[in-house]
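Topology and contacts: notes
The primary structure of each chain is shown beneath.
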Amino acid sequence: MFVDLRDSTGIGQLVINPERAAEAAAAAHEIRNEFVLRAEGEVVARAPENVNPGIPTGEVELQVDRLEILSPCPPLPFQLDEEGVDETLRLRYRWIDLRRPRLQRNLRLRSQMVSTIRATMEQAGFLEIETPILFKPTPEGARDFIVPSRLQPGRFFALPQSPQILKQLLVISGFERYFQIARCFRDEDLRADRVQELTQLDVEMAFPDVELILGLMETMIAAVWQAIGVELETPFPRMTYADAMLRYGTDKPDLRFGLEIRDVTEATRGSEFQVFAGAPAVRCLTVPQELSRADLADLEELAKQWGAKGLAYVIYGEDGEPRSPILKFLSEAELAAFAGEPGTTVLFGADTPAMVARVLGAVRQHLGEQLELIERDAWRFVWITDFPMFEWSEDERRWTAQHHPFTRPTPESEALLDSDPGAALAVAYDLVGNGEELGGGSLRIHESELQAKVFDILQISPEQQRERFGFLLEALRMGAPPHGGIAFGIDRMLMVLAQEPNLRDTVAFPKNQAGVDPMSGAPSPVEEEQLAELGITVVARDEAE
């Protein structure tokens, strides 16, 4: 009898010969999938015809003398090699799911990645310092998870969205190179690439410039990829935010394929096609094939989902002749500007620059996937720089911080804070890898007066400034050095490194898209006695409304 026995290192073959070990053979008849066994015997070479070159132990086997069943297992809710298992079922039995080779690989890769990060940061002179999990609510762009205080009734801690303020205080305290593998919490809706509980590499430095920070982080990223046998070419290319939005419709461009967006606004200014003539921006992208009517209908529906009113197009046949419902409205000069090659389709967006970027960026990424234009084995990194300091919130009717309110404006933009905040640029930078934002950072404001001015622009009142950030403003008045840093999402990095489509398969025990753990049932109700001790009354949602 033959048994494949798996442990954390791989698979070994047991051979049980009833003539050699009758008791072991009797026990072997009881074995089923996922039983836990102990086997003793002699490791011998396999017969040449039985060698399995597909596994590291394929040349040897264990001739069993003694066999013991340590723990049986009932029939599994799903098989480890079964594809397409419902995610809720996988998460419900996560301890079974984690036995699968892919998830085993992911978590081992995560451990290797974090170990490499720590070694690289320590070699560069960074000191690892832990910051509190229970802290003060601060605006980081998402909702806080709130923790009630039993000893201070009616008061609450917040789980940190990031250690942003604390790491600035550490640098002000004289720790010139800080890092931390930090746990962070954001009470936001979950997606395939976003979770509520995350881990990040948090970095801050005193007296840096952008070149120093980017160079050190490229060294770290190159070391992580080198650990899996991939040599990255550094320095990574750079692209301004404005250029990325113009050419790719996103500040997270996937550079593993082309399909760049082109601006044709000026060429269509006098167009007889009124959609073009009246639009603030007209842009196009050229698809390297003639799209069918069904393809165009699908793309138009996608564009509408992203906010477009429609999706104009011109198809160029193999003979180079254009055809389109809007062709009669287009001049020869316009057609020349579109530069359609034979056997291509030119797609157009016409609206505000932000809307056109959003729609064509989504269409571009969809086409990259659908037409298999993406170079799957490639690694393409790019720094995105020169972000806007602020963005206008129509809902709130005020300026909000593009990154966070502690980001430094460029020297040229400081004067714009009073006259034109929307035109101000930040000394901010994101690292994008294969279309995913891996990390983002900035130089920080180290002057108390400048920080207060930015708070004013964000309509944070002086009273709110004192309540929320008084300790930071006070620290900035007491000899704060110029400083800056960056943070990388460990989960997101592993998602890209392991080429996983879902962030939840990069952590051991994730929540589902509803923020629930199907395995344990968390979040779960709390006993009335504990709520009473905390001074909390739970009100049903319909009653509260």
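Our structure is the block above this text.
What comes next is a walk through the structure. Each chain carries its own residue numbering, running from 1 in the direction its sequence is written. Since the coordinates come from a predicted model, pLDDT governs what is reported: local features require at least 70, and pairs of side-chain atoms require 80 or more to be given and counted, while whole-chain, interface and lining totals use all residues. Hydrogens and waters are ignored; side-chain quantities use all the structure's heavy atoms.

Here's the deal with the overall build of the protein
Under the convention used in this document: For the purposes of this entry, the term helix denotes a DSSP run of H or I that reaches at least four residues, the term strand denotes a run of E that reaches at least two, and both are numbered from the N terminus. Type-normalised accessible area, obtained with a 1.4 Å probe on protein chains alone, sets the label of each residue: buried when under 20%, exposed when over 50%, and partly exposed for intermediate values. Any two residues having at least one pair of non-hydrogen atoms within 4.5 Å are treated as being in contact.
Counting its secondary structure elements, the protein contains 17 helices and 21 strands. Along the first, second and third principal axes, the C-alpha atoms of the protein reach 95 × 75 × 55 Å. By the burial criterion, 46% of the 545 residues in the protein qualify as buried. Long-range pairs, those at least 24 residues apart, make up 67% of the contacts in the protein between residues at least 6 apart in sequence.

So, empty space enclosed by the protein
Note the following rule: Only protein atoms enter the 1 Å grid, on which a cavity is a set of points fitting a 1.4 Å probe that cannot get out and a pocket is an open set with protein on both sides within 12 Å along at least 5 of 7 lines, lining residues being those with an atom within 4 Å of a point. Grid points are joined across faces, edges and corners, and a volume is the space filled by probe spheres set on the points. Residue type decides the class: Asp, Glu, Lys and Arg count as charged, Ala, Val, Leu, Ile, Met, Phe, Trp, Tyr, Cys and Pro as nonpolar, and the leftover types, Gly among them, as polar.
Taken as a whole, this structure holds three cavities of 30 Å³ or more when the rule is applied. A volume near 80 Å³ is recorded for the largest cavity. In terms of lining residues, the largest cavity is bounded by 15 residues, among which Phe 135, Lys 136, Thr 138, Pro 160 and Ser 162 are the most central. Examining the composition of the lining of the largest cavity, we find that three residues originate from one element, helix H5 (residues 164-172), more than from any other. Residues that form the lining of the largest cavity fall into these classes: eight nonpolar, four polar and three charged. Residue lining of the second largest cavity: Pro 388, Met 389, Phe 390, Ala 401, Gln 402, His 403, His 404, Pro 405, Thr 407, Ala 426 and Val 454, and that is the complete set. Here the residues of the lining of the second largest cavity sort into seven nonpolar, four polar and no charged.

Some details on the packing of helix H9 (residues 293-305) against helix H11 (residues 353-370)
Stated formally: Where helices are involved, their axes are fitted lines through C-alpha atoms of the stretch in contact, as for all axes, and angles between N-to-C directions lie from 0 to 180°. Angle categories: roughly parallel below 35 degrees, roughly antiparallel above 145, roughly perpendicular from 65 to 115, and oblique for all the rest. Should the near helix be turned anticlockwise from the far one by less than a right angle, the crossing is left-handed, and should it be turned clockwise, the crossing is right-handed.
Their axes nearest at 9 Å, the elements H9 and H11 cross at an angle of 135 degrees. Between H9 and H11, the angle falls in the class oblique. Crossing angle aside, the handedness with which H9 passes H11 is right-handed. Contact with H9, carried on its side by Leu 299, Leu 302 and Ala 303, involves Val 359, Ala 362, Val 363, His 366 and Leu 367 of H11 and no other residues of that element. Residues belonging to the contact of H9 with H11 are distributed by class as follows: seven nonpolar, one polar and no charged.

Thoughts on the packing of aromatic side chains
Spelled out, the test is: Stacked, tilted and edge-to-face pairs are distinguished by plane angle, under 30 degrees for stacked and over 60 for edge-to-face with tilted covering the rest, among Phe, Tyr and Trp rings (Trp via its six-membered ring) whose centres lie within 6.5 Å. We call a charge positioned above a ring when the Lys NZ or Arg CZ atom is no farther than 6 Å from the ring centre and deviates by at most 35 degrees from the ring normal.
A full pass over the atoms with the stated rule returns 17 aromatic pairs. Measuring from centroid to centroid gives 4.8 Å for Phe 273 and Phe 276, while their planes differ by 85 degrees, and the two rings are edge-to-face. Residue Phe 273 is classed as buried on the basis of its relative accessible area, which comes to 14%. On the basis of an interplanar angle of 15 degrees and a centroid distance of 4.6 Å, the ring pair of Phe 455 and Phe 469 is categorised as stacked. Here the residue Phe 455 occupies a position in helix H13 (residues 448-457), and Phe 469 occupies one in helix H14 (residues 462-476), the gap between them amounting to 14 residues. By relative accessible area, which is 0% here, Phe 455 ends up buried. Using a relative accessible area of 0% as the deciding quantity, one classes Phe 469 as buried. Among the aromatic residues, those joined into a cluster by ring pairs are Phe 273, Phe 276, Phe 329, Phe 338 and Phe 348. Above the face of the Tyr 93 ring, Arg 92 is positioned so that its terminal group lies 4.6 Å from the ring centre. The ring of Phe 257 has Arg 364 sitting right over it, with the charged end atom 3.9 Å from the ring centre.

Section: the sheet that holds strand S4 (residues 60-71)
Rule in force here: We treat two strands as partners when DSSP finds at least two bridges between them.
The four strands are arranged S1-S2-S4-S3 in an open sheet whose pairing can be described as mixed. Edge positions in the open sheet fall to strand S1 (2-7) and strand S3 (36-45), since each of these has one partner strand only. Between one strand axis and the next, the sheet turns by 40 degrees as a mean value, whatever way the strands run. Bridge count between S1 and strand S2 (residues 10-15): six bridges; the pairing is antiparallel. Residue pairing across strands places Asp 4 opposite Gln 13, the latter belonging to S2.

Quick word on the nonpolar core
Under the convention used in this document: By convention a nonpolar core is built from buried Ala, Val, Leu, Ile, Met, Phe, Trp, Tyr and Cys residues, the set being connected through side-chain atoms within 4.5 Å.
Among the nonpolar cores identified, the biggest contains 38 residues, and Trp 225 and Phe 488 are the most heavily contacted of them. Of the residues forming this core, the biggest block, eight residues, is contributed by helix H6 (residues 210-226). For Phe 488, the contacting residues outside a window of four places in its chain are Thr 199, Gln 200, Leu 201, Met 217, Met 220, Ile 221, Trp 383, Leu 431, Leu 438, Gly 439 and Met 493. Grouped together as the second largest cluster of nonpolar side chains are 34 residues, Met 239, Ile 384, Leu 417 and Ala 480 included.

A short note on the sheet that holds strand S20 (residues 436-443)
Sheet architecture is open: eight strands sit in the order S5-S8-S9-S21-S20-S19-S16-S10, paired in mixed fashion. Edge positions in the sheet fall to strand S5 (127-128) and strand S10 (238-240), since each has one partner strand and no second. Two strands pair when backbone bridges link them, and strand S8 (residues 177-185) and strand S9 (residues 197-206) are joined in this way by nine bridges, in the antiparallel orientation. Residue pairing for S9: Phe 179 is matched across the bridge by Val 203. Helix-sheet contacts for H5 involve S8, S9 and strand S21 (483-489), and the interaxial angle to S9 is about 25 degrees. Each of S10 and strand S16 (381-385) is contacted by helix H7 (residues 241-248), which is oriented at about 85 degrees to S10, the strand it contacts most.

Considering the pattern of salt bridges
Threshold: Each salt bridge in this description consists of a side-chain nitrogen of Lys or Arg and a carboxyl oxygen of Asp or Glu lying within 4 Å of one another.
One pass over the structure, following the stated rule, counts 40 salt bridges. Of the charged contacts, one joins Lys 136 and Glu 467 as a salt bridge, the two residues approaching to 3.7 Å between their closest N and O atoms. In this pair, Lys 136 is assigned in the loop between S5 and strand S6 (146-148) and Glu 467 in helix H14, connecting sequence segments 331 residues apart. Exposure remark for Glu 467: the relative accessible area of 55% places this residue in the exposed category.

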